[in-house]
Amino acid sequence: MNNTRERVSTFLNYTLLALGVLLCVYHLYASLVGTVTVMRQRVFHVGMVVIITMFNVFNKRLKNADSKFNKFTLTWEIVSDLFILVSATVGSTYLYIIDEKIYMHISRATKFDVFIGACMVISVLEVTRRLIGWIMPAIAVASILYAKFGSLLPSIAACKGYTIRRIVSYLFLSQDGIYGTPTGVSAQTVIMFIIFGAFLTYSGAGKAFIDLSYSMFGRFRGGSAKVSVVASALFGMINGSAVANVASTGSLTIPLMKHAGYTPEDAGAVCAVASTGGQIMPPIMGAAAFIMAETISMDYRDIALAASLPAALYFFQVFFVVDLMAIKGRLKGIPANDLPNGKKILLHEGFLLAPIILLIALLCIFQWSSNKSALWSIGLTWIVSWLTKENKMKIKEICLAFGEAAREICSVALACSTAGVAIGMLSLTGLGLKMSALLVALSSGNLYILMILTMVAGVILGMGLPTSGVYIILSVLAAPALMELGVAPLSAHMFVFFFGVVAAITPPVALASYAGAGLANADANRTGWRAVKIGLAGFILPYMFILRPSILLLGSAFDIVQTLTVAVIGLMGLSAALFGMPSRNLSSRLMMGVAAIVTLAPGNLSDIIGIAIMIAGYLLARNMNKNVSPSEGAVL
């Protein structure tokens, strides 16, 4: 029995690998030739992702199989699995074939269109529920029910109500439902950058980043934690997934942090916070950033440029907090003899940075499209891998990289397609505009209240959704409300994007924090709350996007420098207050905390008052803590 199970599992693994290779090769081909229609790319993308996810489900179920099982449950699972596979295969093949005539079906949907469309919608929602959770499918189902029965609601919330034929044809046959803009971004752009990240990992660039971080910062106090921050920032440049970043860097840095004296909770939290910042770290940000570019009709390079200063401030604050923790714990750095040689790394492995340099050049200097830039960077990554001794990317390594990329794209693609269902229904019924007006009314037109409501909504949605899902929902519901109160589109969308990102470290469901806690053998909830405290910048900076938009490089050079200076001072003061440095005295900590909040407000007067209070609080703390030696009290 076990031998049979192993053979079946091996077959499923090879099938998954073959499907992953097919998915990636197709998208590389589509990007290279540029002749595959948009609808066909999206249809193939969703169909393959559903099939790959189902084979993953089969494989996991086989590995966890028990000799004792309920026949009814097993029968139901088999029937539902076959239904999803057949629906995805038939539905995707059908749409792919009728692509050039699809406009005729939209206006006159046949019974088969409605039947196979309904099966496809159900399949996408069910697979999303299995992979991501029930929250996003529930939102999608609620939007469909609203479109169908909205006419029964009170007039303030009612819509005219639509037939099943109209709803299904809108979701299945048009580019406003399952195959809407979010799916398009996933199929044309996100998949390319995920492949690029996988190629960089297999080429050895990821390990080179970590080694380089050790050589640069390992010798300083708390060096292992600082390495984690820097390595996560560098690795985040090629990987937009918080959990994947934790797994990649944390497996090396967390044991060293614990060995250096950090508690398991602190070690897991530091890694989680730093890894979460990978989604806001240019040049390869999280999938939601690419969706944002399409949503507000803005070049991705401009989005990445606007995020560069907030990303730098985020990692600066985490680095500063790590140093404060090292001072309090009197932690030392890693002995120089145990560190890799930075010069040798740059000499022997520096060429592995060439693909990233090429990507930045193509995006920012030559202004190529995102997917074309990623395509040529992938090609260069394959070439430079042959210059290494141990990481030459032969056919086996290329296939494994494709397989890894295919697994990673599944959650993003399903979140996008399911969000497309909700967005399609909001667009069809006009509910999105009503919800935005309701939020404005609920906040009584007060921008500060609306920002807090949006933050709470982002954190709640983030409990069960990936960042891309949180952003897509809030970009339709909350961002328009913020813009209605005079907020610039970039500031509004960056605001909701950031809270989708930090949801990964916010309890009670904090995936990045839990991943870090698992690697550190720490309590998950305590790690989550420590991560919130360490990563406080992620909760503060979004307010500056709206109150001081120059932080997004909007405005004059003087405004940008002023905002940067104030932000640095404010984040340092708030971090020092939270961690009791240089004194645990409550009065001085309150002064520094209040001063940090005051500096958030726009205007020269608030800056002067905030900095003055900050200095007074710091001097008071130093005066009450004279016994602390300079070597213990100074901050790197």
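**Q** How would you summarise the overall build of the protein chain if you had to cite specific residues and measurements?
**A** Scanning the protein chain for helices and strands turns up 30 helices and zero strands. Taking 2.2 N^0.38 as the reference for a compact globule, 636 residues should give roughly 26 Å; the C-alpha atoms of the protein chain span a radius of gyration of 25 Å, in line with that estimate. Along the longest, intermediate and shortest principal axes, the C-alpha atoms of the protein chain span 80 × 65 × 55 Å. Counting only residues that meet the buried cut, the protein chain has 56% of its 636 residues in that class. Long-range pairs, those at least 24 residues apart, make up 77% of the contacts in the protein chain with a sequence separation of at least 6. Carbon and sulfur atoms form 67% of the exposed surface of the protein chain, whose accessible area is close to 26900 Å². The averaged location of the 27 negative side-chain charges in the protein chain is 3 Å from the averaged location of its 44 positive side-chain charges.

**Q** Could you give an account of the packing of helix H8 (residues 181–203) against helix H16 (residues 354–365), with specific residues and numbers?
**A** Packing of H8 against H16 leaves a shortest axis separation of 11 Å and a crossing angle of 155 degrees. What the angle tells us is that H8 and H16 run roughly antiparallel. Within the contact between the two elements, H8 uses Phe193, Phe196 and Leu200 and H16 uses Pro355, Ile356 and Leu359.

**Q** Quick rundown of unusual backbone geometry? Include the residues and the values.
**A** Cis geometry is found at the peptide bond from Pro282 to Pro283, where omega equals 5 degrees. Its place among the elements puts Pro283 in the loop between helix H12 (264–276) and helix H13 (287–295). For Arg330, which is not a glycine, the phi torsion comes out positive at approximately 50 degrees. In this structure Arg330 comes out as exposed when scored by relative accessible area, which is 62%. Positive phi is not limited to glycine here, since Asn521 has a value of about 55 degrees.

**Q** Run through the side chain of Ser143, naming residues and quoting values.
**A** Along the chain, the position of Ser143 falls in helix H6 (residues 135–149). Residue classification places Ser143 among the buried positions, given a relative accessible area of 7%. With residues near it in sequence (within four places) discarded, Ser143 still touches Val421, Ala422 and Met425.

**Q** Could you give me a rundown of the packing of aromatic side chains, with the residues and numbers involved?
**A** Summed over the entire model, instances satisfying the criterion amount to 18 aromatic pairs. Between Phe193 and Phe290, the ring centres sit 4.7 Å apart and the planes meet at 35 degrees, which makes this aromatic pair tilted. Residue Phe193 is found in helix H8, and its partner Phe290 is found in helix H13; the two are separated by 97 residues along the sequence. Look at Phe193 and you get buried, because its relative accessible area is 3%. Between the aromatic rings of Phe498 and Phe545, the centroid separation amounts to 4.8 Å while the plane-to-plane angle is 85 degrees, which identifies the pairing as edge-to-face. With Phe498 in helix H23 (residues 489–502) and Phe545 in helix H26 (residues 537–547), this residue pair connects regions lying 47 residues apart in the sequence. A relative accessible area of 0% means that Phe545 is categorised as buried. Through a chain of ring-to-ring contacts, three or more aromatic side chains come together here, namely Phe495, Phe499, Phe539 and Tyr543. Sitting above the plane of the Phe579 ring, Lys533 keeps its charged end 4.7 Å from the centroid.

**Q** Before we move on, could you go through the nonpolar core and cite the residues and values that matter?
**A** Among the nonpolar cores identified, the biggest contains 209 residues, and Met494 and Phe497 are the most heavily contacted of them. In terms of residue count, the dominant contributor to this core is helix H14 (residues 300–329) (19 residues). When residues no more than four places from it in sequence are discounted, the contact partners of Phe497 are Gln279, Ile280, Met285, Ala288, Ala289, Met292, Thr467 and Tyr471. Listed in part, the six residues of the second largest apolar core include Ile210, Tyr214, Val227 and Leu339.

**Q** Any chance you could break down the pattern of salt bridges for me, citing the residues and the numbers?
**A** One pass over the full model with this rule turns up 12 salt bridges. Across the pair Asp323 and Lys226 runs a salt bridge, and its minimum N-O distance is 2.6 Å. With Asp323 in helix H14 and Lys226 in helix H10 (residues 223–236), the pair connects residues that are 97 residues apart, well separated along the chain. Each member of the salt-bridge network shares a partner with another, and the members are Arg61, Glu77, Asp81, Glu126, Arg129 and Arg130.

**Q** I'd like a rundown of a nonpolar patch on the surface, residues and numbers included.
**A** The grouping of Tyr29, Leu32, Val33, Ile365, Phe366, Trp368 and Trp376 at the surface amounts to a nonpolar patch, some 770 Å² of accessible area in total. Position of Trp376 among the secondary structure elements: in helix H17 (residues 370–385). For Trp376, a relative accessible area of 48% puts it in the partly exposed group.

**Q** Summarise helix H21 (residues 467–477); cite the residues concerned and give the values.
**A** An α-helix turns once per 3.6 residues; consequently, residues spaced three or four apart project the same way. A large share of H21 lies buried, amounting to 11 of its 11 residues. Inspection of H21 places Thr467, Ser468, Gly469, Val470, Tyr471, Ile472, Ile473, Leu474, Ser475, Val476 and Leu477 among the buried residues, and these make up the whole buried set.

**Q** Give me the environment of Phe351: which residues, what numbers.
**A** Within the secondary structure layout, Phe351 lies in the loop between helix H15 (342–349) and H16. Separated by 146 residues in the primary sequence, Phe351 and Ala205 have C-alpha atoms spaced 9.2 Å apart. Not counting the four nearest positions on each side in its chain, Phe351 is found in contact with Val384, Leu387 and Thr388.

What counts, and where the lines are drawn
- Residues numbered from 1 in each chain as written.
- Predicted model: local features only at pLDDT ≥ 70, side-chain atom pairs only at ≥ 80, totals over all residues.
- Heavy atoms only, no water.
- Helix = DSSP H or I, 4+ residues; strand = E, 2+ residues; numbered from the N terminus.
- Rg over C-alpha atoms; globule rule 2.2 N^0.38 Å.
- Buried < 20%, exposed > 50% of the residue type's maximum accessible area, 1.4 Å probe, protein only.
- Contact = heavy atoms within 4.5 Å.
- Areas by Shrake-Rupley, 256 points an atom, 1.4 Å probe, with all protein chains shown as cover.
- Lys, Arg positive; Asp, Glu negative; His and termini not counted.
- Charge placed at Lys NZ, Arg CZ, Asp CG, Glu CD.
- Axes fitted to C-alpha atoms, helices over the stretch in contact; angles between N-to-C directions.
- Parallel < 35°, antiparallel > 145°, perpendicular 65-115°, else oblique.
- Phe/Tyr/Trp six-rings, centres within 6.5 Å; stacked < 30°, edge-to-face > 60°.
- Lys NZ or Arg CZ within 6 Å of the ring centre and 35° of its normal.
- Core = buried A, V, L, I, M, F, W, Y, C linked by side-chain atoms within 4.5 Å.
- Salt bridge = Lys/Arg side-chain N within 4 Å of Asp/Glu carboxyl O.
- Patch = residues over 30% accessible without salt bridge, like charges linked within 9 Å, V, L, I, M, F, W, Y side chains within 5 Å.

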